[in-house]
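A look at the structure
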Amino acid sequence: MDNNMLNERAIDDFGKARFKEKILSILNLLSPEKQQLLSLYDIKSLVKPNNESYKGMKVVAVKDIVGSEGRYRDFNKAFLPKKEHLRNRWVSIDKAHITDVILPPIKLYKIGDLYFVRDGNHRVSVAKMQKVYAIDAEVIELNAEIPLEKGMTRSELEDKVIAYERENFLEDTKIGEYIDMSEIYFTAPGRYMELLNHILGHKYFINQGIEDEISLKEATISWYENLYSPIIKTVREDSLVARFNNRTEADLYIWIVKHWDDLKSKYGQDFPLDQATKEYSDIYGKNLFQNFLAYLKKIFNSIRH
């Protein structure tokens with residue numbers, strides 16, 4: 001095959017890859033996250049690997065390569081190119097594939113059953129487009145307590161991380177023995193540790209000025225009765241959860257407490273919790289039409305005065 005024909009074929013392959021990517025993008029217009037390539041940085045922040053080990057040269061199934069360290073915005077979940085500026089490098093790799101030129105091994109990170117590209121994103125993209133079964137790779141394995149499984153999306157991994165955190169939280173603190181945890185669920189990682197910090201902060205506050213330190217059990221019950229339950233009562237009365245898609249009462253509790261902290265920094269540490277909760281409800285507890293009317297009223301009043 002002469003150079004012109006080779007070049008035309010590789011350019012045509014890139015065009016087909018871009019076309020497939022565009023079609024998948026259109027088909028997933030309402031849920032674009034389904035086509036997102038996994039980011040190694042995001043996954044590491046979730047599963048928090050505790051160590052790494054060098055595995056040397058391996059033959060890796062291309063279908064098991066599901067993410068990238070630095071180029072996850074340039075390719076979709078199928079490693080199809082999303083940007084036109086990838087053309088030159090992609091075409092040169094494809095020409096090497098067509099002419100059976102042996103390229104250096106790619107570099108991968110391995111977590112659980114999944115692989116993430118350190119170096120060689122274009123080569124993986126071409127390999128997937130050309131339906132290559134396996135590729136030579138230099139592998140470093142990152143060890144994490146939460147296993148990654150084939151076909152797992154980022155949201156599914158988040159759910160697994162949250163469940164893992166909840167299980168550890170309940171096992172380590174035994175808090176479920178003191179209060180009803182059956183309705184306290186979060187939708188984002190890290191919230192159970194945040195919840196524990198709230199309880200410990202409440203314990204520290206109560207212990208100020210008393211001789212005998214209260215137990216974690218006493219602090220937890222006090223926190224639940226005097227902080228958590230009053231906030232949740234307002235959340236339910238104002239149907240706040242309905243304003244936040246796929247969020248829970250416990251999520252709103254965290255946000256309201258943060259709002260309370262902001263108000264205390266502005267108006268002093270004595271700013272009452274019930275007033276902070278009411279203000280949060282007034283801001284976010286109205287429907288869109290009510291907020292729009294309030295906005296018009298504010299404009300009208302500013303004009304009058």
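Figured I'd write up the structure that's included with this text. (Residues numbered from 1 in each chain as written. Predicted model: local features only at pLDDT ≥ 70, side-chain atom pairs only at ≥ 80, totals over all residues. Heavy atoms only, no water.)

This paragraph deals with the pairing of strand β6 (residues 134-143). As a general feature of sheets, a regular strand has side chains that alternate between the two faces. Bridge count between strand β2 (residues 51-61) and β6: 10 bridges; the pairing is antiparallel. Looking at β6, one finds that asparagine 51 is bridged to asparagine 143. In this sheet, β6 lies alongside strand β4 (residues 106-111) in parallel orientation, the contact comprising five bridges. Paired with leucine 108 across the bridge in β6 is valine 139. (Pairing = 2+ DSSP bridges. Helix = DSSP H or I, 4+ residues; strand = E, 2+ residues; numbered from the N terminus.)

Once that is clear, we can look at the nonpolar core. Ile184, Trp223 and Tyr253 are the most contacted members of the largest nonpolar core, which totals 31 residues. For this core, the secondary-structure elements that each account for two or more residues are α5 (154-173), α6 (191-207), α7 (216-237), α8 (249-267) and α9 (273-284). Ranked by residues supplied to this core, first place goes to α8 with eight residues. Setting aside anything within four residues of it in sequence, one finds isoleucine 184 in contact with Arg166, Ile179, Tyr192, Leu195, Tyr224, Tyr228 and Ala250. In this structure, Tyr72, Phe75, Met129 and Ala137 belong to the second largest nonpolar core, which totals 26 residues. (Core = buried A, V, L, I, M, F, W, Y, C linked by side-chain atoms within 4.5 Å. Buried < 20%, exposed > 50% of the residue type's maximum accessible area, 1.4 Å probe, protein only. Contact = heavy atoms within 4.5 Å.)

Its volume calculated, the largest pocket comes out at about 640 Å³. For the largest pocket, the lining is made up of 29 residues, of which Glu33, Lys34, Gln35, Gln36 and Leu37 are closest to its centre. Secondary structure elements with two or more residues in the lining of the largest pocket: α1 (3-27), β1 (38-39), β3 (65-68) and α5. The residue makeup of the lining of the largest pocket, split by class, is nine nonpolar, nine polar and 11 charged. Considering only enclosed or pocket space, the second largest pocket measures out at about 410 Å³ in volume. In terms of lining residues, the second largest pocket is bounded by 17 residues, among which His97, Val101, Ile102, Leu103 and Ile135 are the most central. Mapped onto the lining of the second largest pocket, the elements with two or more residues apiece are α3 (87-98), α4 (121-129) and β6. Residues that form the lining of the second largest pocket fall into these classes: 13 nonpolar, one polar and three charged. (1 Å grid on protein atoms, 1.4 Å probe; cavity = no way out; pocket = protein on both sides within 12 Å on 5 of 7 lines; lining within 4 Å. Points joined across faces, edges and corners; volume = space filled by probe spheres on them. Nonpolar A, V, L, I, M, F, W, Y, C, P; charged D, E, K, R; others polar.)

A few words now on a nonpolar patch on the surface. The grouping of Phe19, Ile23, Ile26 and Leu27 at the surface amounts to a nonpolar patch, some 450 Å² of accessible area in total. Looking at phenylalanine 19, the relative accessible area reads 55%, which means it is exposed. (Patch = residues over 30% accessible without salt bridge, like charges linked within 9 Å, V, L, I, M, F, W, Y side chains within 5 Å. Areas by Shrake-Rupley, 256 points an atom, 1.4 Å probe, with all protein chains shown as cover. Salt bridge = Lys/Arg side-chain N within 4 Å of Asp/Glu carboxyl O.)

Within the structure shown, the criterion is met by 10 aromatic pairs. Each member of the aromatic cluster is reached from another via a ring pair, and the members are Trp223, Tyr224, Tyr228 and Tyr253. Note that arginine 118 overlies the ring of tyrosine 109, its terminal NZ or CZ placed 5.2 Å from the centroid. Positioned over the ring face of tyrosine 185 is arginine 166, at 3.8 Å from the centre of the ring. (Phe/Tyr/Trp six-rings, centres within 6.5 Å; stacked < 30°, edge-to-face > 60°. Lys NZ or Arg CZ within 6 Å of the ring centre and 35° of its normal.)

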